[in-house]
Amino acid sequence: RVPGGCVSVALRRRGVACTRPSGRPTSFSVTASSSSGARRRVVLRVELTTSMSSMTAQLIAADLVAEVKQSMQETSATWVSGVDALDHARRHGQTLRYLHTCYVQAAQVLPPLEAERKEGIKWLMDRLGSMCDDGVKEVQELIGEPDVNMVSVPKYYYSELRHRQKCTLPQPPKLLTHSSLLDFLGVEAVAALRSAERFRRLSSAERQTEVSSTTWEQLASSAQKVAVQVITGALVSFGEERVKATLRACRREEQAVCEQLFNQNPGNAFEELDVDGEDSDEEGDGTVCSLEAAIFVVSDCTGESADRTVQSALGQFGHCFDRSCPANITVYRFVNTNMLREIVMQAQDRGAIIVYTLVDPMTNETMVNLCKEYDVVYHDLWTPLLRKLEGYFSSNASGMPGRRQYVDERYMALVECIEFTRQLDDGVLPKKWQEADLMILGPSRSGKTPLAFFMAQRGFKVANYPLVPDEPFPEELWDFPQERIFALTIEPKKLSSIRSTRMATLQMGTKSMYAKLGKVQEEIDWCRQLYRKNPRWTVLDTSDVGIEENCARMMMKLQQDGGISSRLNNTDNPSAI
């Protein structure tokens, strides 16, 4: 080291030296003399391993932060206008708790490094952990949240970004590589700058929120300090050129992740969604706050009950998922104890939450221990219920997953209902309609067949008939009990889209009027007039209502007005959990 912050690199065999500012690998042009006195110019690529000073690193870090901020696209105004201020601040605190656990883990899986560099990285991880703790306290003081609400919650944003950069934290004894460590630091820096950018967007928002502009500015300042700290530490250990390249790569991947999170449109990142365009299927505010949020459903049997429960629960978060991109649910069926570790490790890599129904006590306990070991969020669906039932019945649960399905009377009744419904699909065999428990009417592609088979699986014999304008009805329709007829309607625009997709799948031409919006509108108007003329029919809208909900309405209607119940023995236990 020489005055001025330069490093002397000596080529000892030739006795030649050159200088270059510390920490900046480059090409050197040097002139060397051989023993015979001949002189020649050679170019050497030299990677200077001598660490730059902390002050120099901080100055360069400030420049790099400004460069990344300038290249970042702003977060969508749609997101800003739709965010719940208190909830976002609370989630920030939870994220800081999660990041602290990541930094502790990262310090345990560092690659082989020179002693000085390793100590520097460990100090950096410890420092980042302390900054996370300070950030949590700051959030608590600013919004008055108790500590119990600041739990560690893994975030899809971080896990996806690390996955893209190939720097997901491994479990000991596996270690990070040198490049993955640098990528990990790059991800942390860019993510911190994104947080700062969002906080500043919220600070400048016109609408009044429960969180003041000053509070958002404080959080933005803290997040930027984290970015500067990370980049400074990376510069000291890896040099300016490598850190620059890594930050640029991370910034590109971060933008791609944000494009997914906000509008699923890579060509229109961070812009407000066009929900009024001609091609839009529905109206709304265009707010989409998540994409492919990973949920692992784990069961030691079929997993059907757990899957349905999760799907139903997600209905309460419809504002978080676009219809074309719902939560990403992975179902693991017939799981045993030996399979759990791999599942939990995958959940950790993807930042997934695990929801499970494991009735075997040993398997259940193993799942809990593994989730705690890998810091994975988990929820046990069955144990609390089983404990309540054990107290109610004064008996212990068997602990046996599922039950064998016997070919008994109930099973044969189910088969009969499904077979009957299959035979009478789409208006076939009107002479047998009187044997049906209910009749479903509706225009083509309005959802008659799926709803009919769903009801058949619940023990009902179902007939369905397609309505075509001006086509005469079979006499058997009027002989059927009118209070057991269910008539389907649907939004014309959605039906037109469904029919267009159907035609494309069948490679049909586009000249047909079958899917034209104007023609579909006329057809729906005709159906609605028909329904008004028959007030005893029950009208169901399938536009935005799931099959399960319409099925429940139908069963309730049949029970109340027609006294018709399922042909299955409802007192029997489910065949599986």
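None of these values were measured; they are calculated from a predicted model.

### Details of the environment of Arg251
Here comes step 1: Its location among the elements puts Arg251 in helix H8 (residues 240-262).
Here comes step 2: Apart from the residues within four sequence positions on either side, Arg251 is in contact with Val68, Ser71, Met72 and Val190.

### A short note on the environment of Asp470
Here comes step 1: Inspection of the secondary structure puts Asp470 in the loop between strand S10 (462-466) and helix H15 (475-479).
Here comes step 2: For Asp470, a relative accessible area of 71% translates into the label exposed.
Here comes step 3: Separated by 56 residues in the primary sequence, Asp470 and Trp526 have C-alpha atoms spaced 9.0 Å apart.

### Some details on the side chain of Glu197
Here comes step 1: Its place among the elements puts Glu197 in helix H6 (residues 178-203).
Here comes step 2: Glu197 sits in the buried class, given a relative accessible area of 15%.
Here comes step 3: Of the polar contacts made by the side chain of Glu197, one reaches the side chain of Arg194; its length is 2.8 Å.
Here comes step 4: Excluding residues that lie within four positions of it along the chain, Glu197 makes contacts with Glu74 and Thr75.

### Looking at the packing of H6 against helix H7 (residues 213-238)
Here comes step 1: Contact pair H6 / H7: the axes reach a minimum separation of 8 Å and the direction vectors enclose 160 degrees. Our classification of the angle between H6 and H7 gives roughly antiparallel. Here the hand of the crossing between H6 and H7 comes out left-handed.

### Remarks on H6
Here comes step 1: Taking 1.5 Å as the rise per residue, H6 with 26 residues should run 38 Å; its terminal C-alpha atoms sit 38 Å apart, in good agreement.
Here comes step 2: Where burial is concerned, most of H6 is hidden: 23 out of the 26 residues are buried.

### Overview of unusual backbone geometry
Here comes step 1: Positive phi, normally seen in glycine, also occurs at Asp375, with a value near 55 degrees.
Here comes step 2: In this fold, Asp375 is placed in the loop between helix H11 (361-373) and strand S8 (378-380).
Here comes step 3: Residue classification places Asp375 among the partly exposed positions, given a relative accessible area of 33%.
Here comes step 4: Positive phi values are uncommon outside glycine, yet Leu429 reaches one of about 55 degrees.
Here comes step 5: One can find Leu429 in the loop between helix H13 (409-423) and strand S9 (438-442).
Here comes step 6: The class for Leu429 is partly exposed, based on a relative accessible area of 39%.

### A short note on the sheet that holds S8
Here comes step 1: One open sheet accounts for four strands, arranged S6-S5-S7-S8; its pairing is parallel. Each edge of the sheet is formed by a strand with only one pairing partner; in this case those strands are strand S6 (328-332) and S8. Neighbour-to-neighbour, the strand axes of the sheet open up by a mean angle of 20 degrees, direction not taken into account.
Here comes step 2: Taken together, the five bridges between strand S5 (residues 294-299) and strand S7 (residues 353-357) define a ladder with parallel strand orientation. Note on S7: the bridge partner recorded for Val298 is Tyr356.
Here comes step 3: Seen against the sheet, helix H10 (residues 340-350) touches S5, S6 and S7 and runs at an angle of roughly 170 degrees to S5.

### Notes on the pattern of salt bridges
Here comes step 1: Evaluated as defined, the whole model comprises 18 salt bridges.
Here comes step 2: Of the charged contacts in the structure, one is a salt bridge between Arg117 and Glu114, with a shortest N-O distance of 3.2 Å.
Here comes step 3: Relative accessible area serves as the criterion here: at 45%, Glu114 is assigned to the partly exposed category.
Here comes step 4: Through salt bridges with shared partners, a single network forms among Arg194, Glu197 and Glu254.

### Focus on the nonpolar core
The nonpolar side chains of a soluble globular protein tend to be buried, and buried together.
Here comes step 1: If you look at the biggest cluster of nonpolar residues, it comprises 52 residues, and the most contacted ones within it are Met125, Leu185, Ile231, Leu235 and Val243.
Here comes step 2: The dominant element in this core, judged by the number of residues it contributes, is H6, at ten residues.
Here comes step 3: In this structure Met125 touches Tyr103, Ala106, Ala107, Leu181, Phe184 and Leu185, once residues within four positions along its chain are discounted.
Here comes step 4: Phe296, Tyr332, Cys371 and Tyr374 belong to the second largest nonpolar core, which has 19 residues in total.

### Re the packing of aromatic side chains
Here comes step 1: Within this structure, the stated rule accounts for twelve aromatic pairs.
Here comes step 2: Ring centres 6.4 Å apart and planes at 70 degrees place the aromatic pair Tyr98 and Tyr158 in the edge-to-face group. Placement of the pair is Tyr98 in helix H3 (residues 85-108) and Tyr158 in helix H5 (residues 156-164), with a sequence separation of 60 residues. Pair check on accessibility: Tyr98 and Tyr158 agree, each one buried.
Here comes step 3: Where Tyr465 meets Phe473, the ring centres are 6.4 Å apart and the plane angle is 55 degrees; that geometry is what we call tilted.
Here comes step 4: One aromatic cluster is present, formed by Trp433, Tyr465, Phe473, Trp478, Trp526, Tyr531 and Trp537 through successive ring pairs.
Here comes step 5: Here the guanidinium or amino end of Arg458 rests over the ring plane of Phe454, the centre of that ring lying 3.7 Å away.
Here comes step 6: Above the ring of Tyr514, the side-chain terminus of Arg499 is found at 4.5 Å from the ring centroid.

### What about the confidence of the model for the protein chain?
Here comes step 1: Put simply, the protein chain has an average pLDDT of 79, and 77% of its residues get 70 or more.
Here comes step 2: By mean pLDDT, the top-scoring element of the protein chain is S9 (95), and the lowest-scoring one is strand S2 (residues 16-21) (41).
Here comes step 3: Below a pLDDT of 50 lies the segment residues 1-29, which in the model reaches 68 contacts outside its immediate sequence neighbourhood of four places, other chains included.
Here comes step 4: Here residues 571-577 is modelled with pLDDT under 50, and outside its nearest four sequence neighbours on either side it reaches 22 contacts, counting other chains as well.

### Re the sheet that holds strand S11 (residues 485-489)
Here comes step 1: An order of S10-S9-S11-S12 is seen for the four strands of this open sheet, with the pairing classed as parallel. Across the chains shown, the open sheet's two edge strands, defined by having one partner strand only, are S10 and strand S12 (538-541). Each adjacent strand pair in this sheet contributes to an overall mean axis angle of 25 degrees, direction not counted.
Here comes step 2: Relative to S12, S11 runs parallel, the two being bridged by four bridges. Its bridge partner being in S12, Leu488 is matched across the sheet by Leu540.
Here comes step 3: Packing of helix H14 (residues 448-456) onto the sheet brings it into contact with S9, S10, S11 and S12, and relative to S10 it is tilted by some 175 degrees.
Here comes step 4: Packing against the sheet, helix H17 (residues 517-533) makes contact with S9, S11 and S12, and its axis sits at approximately 150 degrees to S11.

How each quantity is defined
Residues numbered from 1 in each chain as written. Predicted model: local features only at pLDDT ≥ 70, side-chain atom pairs only at ≥ 80, totals over all residues. Heavy atoms only, no water. Helix = DSSP H or I, 4+ residues; strand = E, 2+ residues; numbered from the N terminus. Contact = heavy atoms within 4.5 Å. Buried < 20%, exposed > 50% of the residue type's maximum accessible area, 1.4 Å probe, protein only. Polar contact = N/O pair within 3.5 Å; in protein donor to acceptor, adjacent residues only side chain to side chain. Axes fitted to C-alpha atoms, helices over the stretch in contact; angles between N-to-C directions. Parallel < 35°, antiparallel > 145°, perpendicular 65-115°, else oblique. Left-handed = near helix turned anticlockwise from the far one by under 90°. Expected span 1.5 Å × (residues − 1). Pairing = 2+ DSSP bridges. Salt bridge = Lys/Arg side-chain N within 4 Å of Asp/Glu carboxyl O. Core = buried A, V, L, I, M, F, W, Y, C linked by side-chain atoms within 4.5 Å. Phe/Tyr/Trp six-rings, centres within 6.5 Å; stacked < 30°, edge-to-face > 60°. Lys NZ or Arg CZ within 6 Å of the ring centre and 35° of its normal. pLDDT = per-residue confidence, 0-100.

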